[in-house]
Amino acid sequence: MTADASSVLNAAVERYYDTTLDLYEELWGEHVHHGFWDPGERPQGGAERKEATDRLVRELVAFAGIPAGSRVLDVGCGIGGPALYLAGELGCTVEGVTLSADQAKRANEKAREAGVAERATFIQQDAMTNTFPDESFDVVWALESLMHIPDRLAFFTEMKRLLRPGGTIAIATWSQKDGELTAEETKLVDLVLKHQVMPSFSSLEEHERLAVAAGFDAVSFVDWTENVANSWDPEFAMIKRFEKGRSLMMDLARERGVDVLGFFYAGPLMLKGFETGVLTYGAVRATKPVRA
Ligand code: SAH
């Protein structure tokens, strides 16, 4: 992707999160990511939403083995939900970057409200052209942001630069099944990508290959598709409310531009993708070697 294409994409991602910030916050709270359940568990909605989204954060912490008190770079911090957990419960020092200035502002407000502003700060910056010095962090944390970044080998390479030797990268990401897709599968995937302003999905296996190619050690992944699929249950995703009121959606589109509708269209497509196995979801962890 050329520098031009990448700035067009970044501008679209920025616009998407600027225009949907209040929708996500009102409907989903401070976590802009899936929930996590044991296989077979059904979602209840309501207060359980936060329980399920908190659990995903805890699962990623456990899977990647993130030590309390780490210095963390949060790539794609949203409005800070996961970072506030890392800074609060785990006593980490977190620097978050997001393409959306509105999200960074809201995340800083929330950190102040939560009393962790000293340990959690958020700025608008492209993670791929960041200004942090080499070896600034113990942990790079990327929770559902890597799908927006087209060059994933460059991503792993850049994050390795930012980690101290022995540091850990922890990723949770939307993904697709490994290998070739059929024409019909490609059609579904392309629709999700378009609505969610994402350039492509990689398979979990591909993430593993790229992390190894970038020089990471101890690379592994886990497939959580079954654990997160409930997130798109129409009740749980809270999208039904809007589908019932199509005029409300049309008002939103008129006010904010049609991009905002991607928020509503992705749910049924994601469910179908998970059910048919073409879309997957998982976590990836890797360690920067102590000796290069
Ligand atoms: N991790 C947060 C937000 C996920 S939404 C949460 O789980 O709640 C995806 C986030 O990735 C948005 O904040 C978006 O701005 C960010 N993002 C996408 N591409 C990015 C890039 N190149 N640099 C920094 N942030 C990016």
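Residues numbered from 1 in each chain as written. Predicted model: local features only at pLDDT ≥ 70, side-chain atom pairs only at ≥ 80, totals over all residues. Heavy atoms only, no water.

Asks: When you look at the nonpolar core in this model, what are you seeing that I'm missing?
Replies: The nonpolar side chains of a soluble globular protein tend to be buried, and buried together. Formed by 57 residues in total, the largest nonpolar core has its most connected members in Trp141, Trp174, Phe201, Trp224 and Tyr281. A per-element tally of this core places helix H1 (residues 3-28) first, with eight residues. Not counting chain neighbours up to four residues away, the residues in contact with Trp174 comprise His34, Glu144, Met147, Val192, Gln196, Met198, Phe201, Trp232, Met270, Thr280 and Tyr281. Counting residues in each nonpolar core, the second largest holds 25 residues, with Val75, Met159, Ile169 and Ala286 among its members. (Core = buried A, V, L, I, M, F, W, Y, C linked by side-chain atoms within 4.5 Å. Buried < 20%, exposed > 50% of the residue type's maximum accessible area, 1.4 Å probe, protein only. Helix = DSSP H or I, 4+ residues; strand = E, 2+ residues; numbered from the N terminus. Contact = heavy atoms within 4.5 Å.)

Asks: When you look at the pattern of salt bridges in this model, what are you seeing that I'm missing?
Replies: A pair can form between side chains of opposite charge whenever their charged atoms are brought close. Counted by the stated rule, this structure contains 17 salt bridges. Its salt-bridge partner being Arg106, residue Glu113 comes within 3.9 Å of it at the nearest N-O pair. Classification of Glu113 as exposed rests on a relative accessible area of 60%. Notably, a salt bridge pairs Asp138 with Arg164, separated by 2.8 Å at the nearest N-O pair. With Asp138 in strand S4 (residues 137-143) and Arg164 in strand S5 (residues 163-176), the pair connects residues that are 26 residues apart, well separated along the chain. Three or more residues joined by partner-sharing salt bridges are found here, namely Glu25, Glu30, Arg106, Glu109, Lys110 and Glu113. (Salt bridge = Lys/Arg side-chain N within 4 Å of Asp/Glu carboxyl O.)

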